[in-house]
Amino acid sequence: MDWLTFASSVVGSLAWPVATVVLVLLIRKPLGTLLPTLRNLKYKDLELDFGKELRKAEEKANQILPAANKPTLISKPKSERDSNQIINESKRLFEEFPEPAVALAWTAVEVELMDAILRTASSPDYPPHNSALKNAIHLKDAGYIGDDKIDLVKRMTNLRNIAVHGHGGGPVTVEDAREFIALTEWLVKDLKEIKR
């Protein structure tokens, strides 16, 4: 076998696998957006229908579980976590884990900025996709906060980044964490006052 025959054989052997990989890469994004909306699937003798299976499971549950324990329909809470709850969690953490406590406290500011955006409808973007600073800028552009609060958010973002990534700021002391949490609590209370 000469090298041309060998090369031809290798190319012939790899053609279908390479074509398959290229095809998967090309349709990955459209397929990724389609799959979450898929309600049923049928292929030869296999049929999957989420709604039908759910009804069967409910029928079975009605037969074997006590009716008194059946919950009412659930609804999605306003936000995943309340900013006050997050601050309380950071207060429990700060003495043993100051850096994570700072990061957690900052999350309360992010949540409250997002909630303020949702309350005022002052962002053309979906707020969870925005950074805290971008949400703050949207609030400023809509006239709800001023440049001074934008500056405060920037400074607090930098402090959070130092705590999380350790960029030249040294370790976060327990006292530093305590003060940062108090500052976030103060800012969150102020942001809660923003109404449309």
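Structural notes, computed from the coordinates. Just so you know, these numbers come straight off a predicted model, no measurement behind them.

A word on unusual backbone geometry. The backbone phi angle of alanine 121 is positive, close to 50 degrees, even though this residue is not glycine. Along the chain, alanine 121 turns up in the loop between α4 (98-120) and α5 (132-141).

Now for the environment of phenylalanine 94. Looking at where phenylalanine 94 falls in the secondary structure, it is placed in the loop between α3 (83-93) and α4. For phenylalanine 94, a relative accessible area of 9% gives the class buried. Considered as a pair, phenylalanine 94 and valine 172 are 78 residues apart in the sequence and their alpha carbons are 9.9 Å apart.

Looking at the element boundaries, threonine 184 is found in helix α7 (residues 174-192). When near neighbours in sequence (up to four residues on either side) are disregarded, threonine 184 contacts Ile87, Ala105, Trp106, Val109 and Met156.

Here the focus is the pattern of salt bridges. For side chains bearing opposite charge, pairing can occur when the charged atoms are close. By the definition in use, this model includes eight salt bridges. Here glutamate 112 makes a salt bridge to arginine 119, at a shortest N to O gap of 3.2 Å. Look at arginine 119 and you get partly exposed, because its relative accessible area is 25%. The partner of lysine 140 in a salt bridge is aspartate 147, with the nearest N and O atoms 3.5 Å apart. Residue lysine 140 is classed as partly exposed on the basis of its relative accessible area of 29%. What you see here is one network of salt bridges that share partners, running through Asp82, Glu112, Arg119 and Lys192.

About the criteria used
- Residues numbered from 1 in each chain as written.
- Predicted model: local features only at pLDDT ≥ 70, side-chain atom pairs only at ≥ 80, totals over all residues.
- Heavy atoms only, no water.
- Helix = DSSP H or I, 4+ residues; strand = E, 2+ residues; numbered from the N terminus.
- Buried < 20%, exposed > 50% of the residue type's maximum accessible area, 1.4 Å probe, protein only.
- Contact = heavy atoms within 4.5 Å.
- Salt bridge = Lys/Arg side-chain N within 4 Å of Asp/Glu carboxyl O.

Read these as geometric descriptors, not functional statements.
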